[in-house]
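Each chain, letter by letter, is given below.
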Amino acid sequence: MYTVVLDWLEERLRSGEISVGDKLPGERHLAEEFGISRASVREAIRILDAMGLVRSSTGSGPAAGAIVISEPSAALGWALRLHVATRSLPVRDLVQTRLLLETQSALEAAVAPETPERAAALAHAAELVAAMEDPELPDEQFHALDAEYHVLLSSLAGNVVVETVMSSLRQATIGYVQETVARLDDWPAVRRTLQQQHREILRAFQERRGQDAAAALREHITWFFGHSGAARSPQA
């Protein structure tokens, strides 16, 4: 029965009657309107929350209730992570998808208009690379900055869907990357190589050399996953 609430919200979002930032009607109101139980309404709200469409707050007052938000990468990232864990989505296929998205984004970013947002994104990418240079930076933070760096460069193509999928893919593979790195005896040397590649990729983006950026990204991604054994791992 909770699906009637999901269908109702989709219709209202499409029509513009409800927008991001609006609060949904209360449980009692929705239950009465659709003739369903409040338990069914609560189930619908929980599902919408997990999908990154609403944020729920308990209690009373103006901050309580379900507020419409839009965080698609969070829900998609969790779904991908779980399916990677079940082995239904091979890591090698996720890596191939990253290659397709990132290399194409590099080509499109090279011809994108010059805007303050582009300049700010490139400046932030340079800050991320500089932060990753610190040899004392914990590995967990290095991986987080690395993920942010790749998503940020992909965003320069100006495609919100690609940026969302990229963010989700990074979330889906971060656990695998951390587990793989923990098994590498030569991780310090690998980390230095990755940083050298990060710098080369960034220069190509900054200089609008799309083909060079795409080639550097391809080498960067395939080198790491090949070195880490992803192509040979049974769970890949």
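Anything mentioned here points back to the structure above.
Residues numbered from 1 in each chain as written. Predicted model: local features only at pLDDT ≥ 70, side-chain atom pairs only at ≥ 80, totals over all residues. Heavy atoms only, no water.

**What to know about helix 6 (residues 116-132)**
Then, number 1: The end-to-end C-alpha distance of helix 6, which contains 17 residues, comes to 24 Å, matching closely the 24 Å that a straight helix rising 1.5 Å per residue would cover.
Then, number 2: Of the residues making up helix 6, those classed as buried are Arg 118, Ala 121, Leu 122, Ala 125, Leu 128, Val 129 and Met 132. Around the axis of helix 6, the buried residues are gathered within 115° of arc, so they sit on the same side. With respect to the buried face of helix 6, the exposed residues turned more than 90 degrees away are Pro 116 and Glu 127.
Then, number 3: Buried residues belonging to helix 6 abut helix 5 (91-110), helix 7 (139-155) and helix 9 (187-206). (Helix = DSSP H or I, 4+ residues; strand = E, 2+ residues; numbered from the N terminus. Expected span 1.5 Å × (residues − 1). Buried < 20%, exposed > 50% of the residue type's maximum accessible area, 1.4 Å probe, protein only. Arc of directions from axis to C-beta. Contact = heavy atoms within 4.5 Å.)

**A closer look at the layout of surface pockets**
Then, number 1: Approximately 300 Å³ is the volume found for the largest pocket.
Then, number 2: Taken together, 16 residues line the largest pocket, and the ones lying closest to its centre are Glu 27, Ile 45, Ser 57, Gly 65 and Ala 66.
Then, number 3: No other element matches the three residues that helix 3 (residues 38-50) contributes to the lining of the largest pocket.
Then, number 4: Among the residues making up the lining of the largest pocket, the classes are represented as seven nonpolar, six polar and three charged.
Then, number 5: For the second largest pocket, the calculated volume is near 190 Å³.
Then, number 6: Going through the elements one at a time, helix 4 (72-85) and helix 8 (160-182) are the ones with two or more residues in the lining of the second largest pocket.
Then, number 7: If you tally residues by element for the lining of the second largest pocket, the top one is helix 8, at four residues.
Then, number 8: Tallied by class, residues from the lining of the second largest pocket come to five nonpolar, two polar and three charged. (1 Å grid on protein atoms, 1.4 Å probe; cavity = no way out; pocket = protein on both sides within 12 Å on 5 of 7 lines; lining within 4 Å. Points joined across faces, edges and corners; volume = space filled by probe spheres on them. Nonpolar A, V, L, I, M, F, W, Y, C, P; charged D, E, K, R; others polar.)

**As for unusual backbone geometry**
Then, number 1: Phi is positive for Arg 87, close to 75°, though the residue is something other than glycine.
Then, number 2: Examined against the element boundaries, Arg 87 turns out to sit in the loop between helix 4 and helix 5.
Then, number 3: Residue class for Arg 87 comes out exposed when judged on its relative accessible area of 51%.
Then, number 4: For Arg 208, which is not a glycine, the phi torsion comes out positive at approximately 60°.
Then, number 5: Its place among the elements puts Arg 208 in the loop between helix 9 and helix 10 (210-228).
Then, number 6: A residue is classified by how much of its surface remains accessible, and Arg 208, at 28% relative accessible area, is partly exposed.

**Notes on the nonpolar core**
Soluble, globular proteins show a tendency: their nonpolar side chains are buried together.
Then, number 1: Counting 44 residues, the largest nonpolar core has Tyr 149, Leu 153, Trp 187, Phe 205, Phe 224 and Phe 225 as the members making the most contacts within it.
Then, number 2: Listing elements by their share of this core, those giving two or more residues are helix 4, helix 5, helix 6, helix 7, helix 8, helix 9 and helix 10.
Then, number 3: Within the second largest apolar cluster, 15 residues are counted, among which are Trp 8, Leu 9, Val 41 and Ala 44. (Core = buried A, V, L, I, M, F, W, Y, C linked by side-chain atoms within 4.5 Å.)

**Examining empty space enclosed by the protein**
Then, number 1: Considering all chains together, one arrives at two cavities of 30 Å³ or more under this definition.
Then, number 2: Estimated volume of the largest cavity: approximately 140 Å³.
Then, number 3: Asp 146, Arg 170, Val 177, Leu 194 and Phe 224 are, among the 14 residues lining the largest cavity, the residues nearest its centre.
Then, number 4: Contributing elements (two or more residues each) for the lining of the largest cavity: helix 7, helix 8, helix 9 and helix 10.
Then, number 5: The residue inventory of the lining of the largest cavity, partitioned by class, reads eight nonpolar, three polar and three charged.
Then, number 6: Size it by volume and the second largest cavity reaches roughly 30 Å³.
Then, number 7: Around the second largest cavity, the lining residues are Ala 106, Ala 109, Ala 110, Arg 118, Ala 204, Phe 205, Arg 208, Arg 209, Gly 210 and Ala 213.

**A word on the pattern of salt bridges**
Then, number 1: Scanning the model with the defined rule gives 15 salt bridges in all.
Then, number 2: Where Glu 102 meets Arg 98, a salt bridge forms, and the shortest distance between an N and an O atom there is 2.7 Å. Here Glu 102 and its partner Arg 98 are both found in helix 5, four residues apart, which amounts to about one turn of the helix. The pair Glu 102 / Arg 98 is uniform in exposure class, with both members buried.
Then, number 3: Here Arg 208 and Glu 114 are joined by a salt bridge, their closest N and O atoms 2.8 Å apart. With Arg 208 in the loop between helix 9 and helix 10 and Glu 114 in the loop between helix 5 and helix 6, this pair connects stretches of sequence that are 94 residues apart.
Then, number 4: Note on Glu 114: relative accessible area 55%, which makes it exposed.
Then, number 5: A cluster of three or more residues bridged by salt bridges with shared partners is formed by Glu 11, Arg 12 and Glu 17. (Salt bridge = Lys/Arg side-chain N within 4 Å of Asp/Glu carboxyl O.)

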